[in-house]
Amino acid sequence: MDILDDPRHDREAGSRRSTRDTTRIDDTRIEAVRPLITPALLQEQLPVSDATLALVEHSRARIADVLHGRDDRLLAVVGPCSIHDHGQAIEYAQRLAALAREVAGELLVVMRVYFEKPRTTVGWKGYINDPHLDGSFAINEGLERARRLLLEIIELGLPAGTEFLDLLSPQYIAELIAWGAIGARTTESQSHRQLASGLSCPVGFKNGTEGSVKVAADAILAARAPHAFIGMTKMGVAAVFETRGNGDCHMILRGGKGPNYSAADVDAACQALRTAGLPEAVMIDCSHANSSKQHRRQIEVAADIGSRIAAGERRIVGVMIESHLEEGRQDLKPGVPPAHGVSITDACIGWGQTEEVLRRLARDVRSRRAERTSSQAR
């Protein structure tokens, strides 16, 4: 005998007068539905101070100045491939904050604070999704930990950048983000382009996974336009959001089937931007395909970029570097604590290497200024 009302499925919608059982066709692959904290409640528990608000606002404005050529500094988004430990992230942030102050005249340093990890197939999805690193998916706790960490990093005087992957999580943390990225896998996504059009921070779109820069140029055009889409308010209610468009979007070159950071690649990217009627400004990701997934090659890539900047290149407005306390990466192993300061996702350069790279880039920016002053004098 068939059971019409399957107790394994929760009937969440229906009519009092309805006798039709939809549990056989609705949510048949949902294992569980758990409550989710609202953004408003989390923000009440972990509020923004006036000082934090001012730093985020100031940082966004300065980043926009760099992107639009009003500030000749280089934007440097630097930090772990992904966050997996609060204490280690703060230790890294303390070191980076001190170095950021040292090179502030030449570099606008933003800490890479990535909480969501896109996967090609399956794997650990990031600090928000699985903060205990054990498949327990304590997402409410992950959201709380992420927001708390951002507040502590900003209190050190360091602006934070992140990748926006999930479409709802920005409501929990976006007001703390000075710069955001849309990854190569989601640059073509209409939903992410719409999201970027309503974000309050500058946003970089990476070229497609196969290397297409037109995909990123199209994404920038889309994000600059107004949109209407369905989302969740900070009170946790579904709503239609209407955006004004985001004029502070830019392209990130991250490689494709091969690297795309050469002078010829920058020329091609800027041609695509010019054709689309967009400013000729690109950021270069020193990692991923540009380093052929060999983390130490980031140093070589950054040096190549820096030499062109020193020679007067102004279309390169930023760099991204994957860096951690210690060099390399490690796999998560059940029952074995991860080694201190080592990435559990993509391999990173270590702190000592990071200091050298950033100081060299600062010297390259100073050289560009000197060259420009010399040219004007001539």
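Residues numbered from 1 in each chain as written. Predicted model: local features only at pLDDT ≥ 70, side-chain atom pairs only at ≥ 80, totals over all residues. Heavy atoms only, no water.

Before we go on, may I ask you to explain helix 2 (residues 50-67) in this structure?
Since the α-helix packs 3.6 residues into each turn, any two residues three or four apart lie on the same face. Look at helix 2: 26 Å from first C-alpha to last across 18 residues, which is about the 26 Å you get at 1.5 Å a residue. Listed as buried for helix 2 are Thr 52, Leu 55, Val 56, Ser 59, Arg 60, Ile 63, Ala 64, Asp 65, Val 66 and Leu 67. Its buried side turned inward, helix 2 meets strand 1 (74-79), strand 2 (107-112), helix 4 (139-155), strand 4 (179-182), strand 8 (249-253) and strand 10 (316-322). (Helix = DSSP H or I, 4+ residues; strand = E, 2+ residues; numbered from the N terminus. Expected span 1.5 Å × (residues − 1). Buried < 20%, exposed > 50% of the residue type's maximum accessible area, 1.4 Å probe, protein only. Contact = heavy atoms within 4.5 Å.)

Help me understand the nonpolar core, please; the structure alone is not making it clear to me.
Counting residues in hydrophobic clusters, the biggest one holds 82 residues, and the most contacted among them are Phe 115, Phe 205 and Met 251. Here the element with the most residues in this core is helix 3 (residues 86-102); it accounts for eight residues. Dropping the residues within four chain positions of it, Phe 205 is found in contact with Ile 182, Thr 187, Arg 193, Ala 196, Ala 216, Ala 219, Ile 220, Ala 223, Cys 249, His 250, Met 251 and Ile 252. (Core = buried A, V, L, I, M, F, W, Y, C linked by side-chain atoms within 4.5 Å.)

Looking at this structure, I do not really get helix 8 (residues 263-275). What am I missing?
In this model helix 8 runs 18 Å from its N-terminal to its C-terminal C-alpha over 13 residues, within 8% of the 18 Å that 1.5 Å per residue would give. Those residues of helix 8 that fall on the buried side of the exposure criterion are Val 266, Ala 269, Cys 270, Ala 272 and Leu 273. Each buried residue of helix 8 lies within a common arc of 155° when the element is viewed along its axis, so the set occupies one face. Exposed and facing more than 90 degrees away from the buried side of helix 8 are Ala 264 and Thr 275. Those residues of helix 8 hidden inside the fold are in contact with helix 7 (213-224), strand 8, strand 9 (282-285), helix 9 (297-310) and strand 10. (Arc of directions from axis to C-beta.)

What exactly am I supposed to notice about the packing of helix 2 against helix 4 here?
Each pair of packed helices can be described by the angle between their axes along with the distance between the axes. Put simply, helix 2 and helix 4 touch, their axes get as near as 10 Å, and they point 80° apart. It follows from the interaxial angle that helix 2 and helix 4 lie roughly perpendicular. Two secondary-structure elements touch here, helix 2 through Thr 52, Leu 55 and Val 56 and helix 4 through Leu 151, Ile 154 and Glu 155. Each residue belonging to the contact of helix 2 with helix 4 can be placed in one class, and the counts come to four nonpolar, one polar and one charged. (Axes fitted to C-alpha atoms, helices over the stretch in contact; angles between N-to-C directions. Parallel < 35°, antiparallel > 145°, perpendicular 65-115°, else oblique. Nonpolar A, V, L, I, M, F, W, Y, C, P; charged D, E, K, R; others polar.)

Explain the side chain of Glu 163 here, please?
Relative to the assigned elements, Glu 163 resides in strand 3 (residues 160-163). The residues contacting Glu 163, other than those within four sequence positions of it, are Tyr 114, Glu 116, Pro 118, Ala 181, Gly 183 and Thr 186.

How should I be thinking about the side chain of Thr 52 in this particular structure?
Its place among the elements puts Thr 52 in helix 2. Judged by relative accessible area, which is 4%, Thr 52 ranks as buried. One polar contact links Thr 52 to Ser 49, side chain to side chain, over a distance of 3.1 Å. Apart from residues lying up to four places away in sequence, Thr 52 is in contact with Leu 151, Ile 154, Glu 155 and Leu 176. (Polar contact = N/O pair within 3.5 Å; in protein donor to acceptor, adjacent residues only side chain to side chain.)

Help me understand empty space enclosed by the protein, please; the structure alone is not making it clear to me.
By rolling a water-sized probe across the atoms, one finds the places where empty space is left. Taken as a whole and judged by the stated rule, the model has two cavities of 30 Å³ or more. One number sums up the size of the largest cavity: a volume of about 90 Å³. Every residue along the wall of the largest cavity is listed here: Leu 67, His 68, Ile 220, Arg 224, Cys 249, His 250, Met 251, Leu 273, Leu 278, Pro 279 and Ala 281. Where the lining of the largest cavity is concerned, the elements lending two or more residues are helix 7 and strand 8. Per-element tally for the lining of the largest cavity: the top contributor is strand 8, with three residues. Its residues assigned to classes, the lining of the largest cavity comprises eight nonpolar, two polar and one charged. If you add up the space inside the second largest cavity, you get close to 30 Å³. Looking at the second largest cavity, the residues that line it are Pro 80, Ser 82, Ile 83, His 84, Asp 85, Gln 88, Ala 89 and His 324. For the lining of the second largest cavity, the per-class residue count stands at three nonpolar, four polar and one charged. (1 Å grid on protein atoms, 1.4 Å probe; cavity = no way out; pocket = protein on both sides within 12 Å on 5 of 7 lines; lining within 4 Å. Points joined across faces, edges and corners; volume = space filled by probe spheres on them.)

Function-wise, these values are silent; they only describe arrangement.
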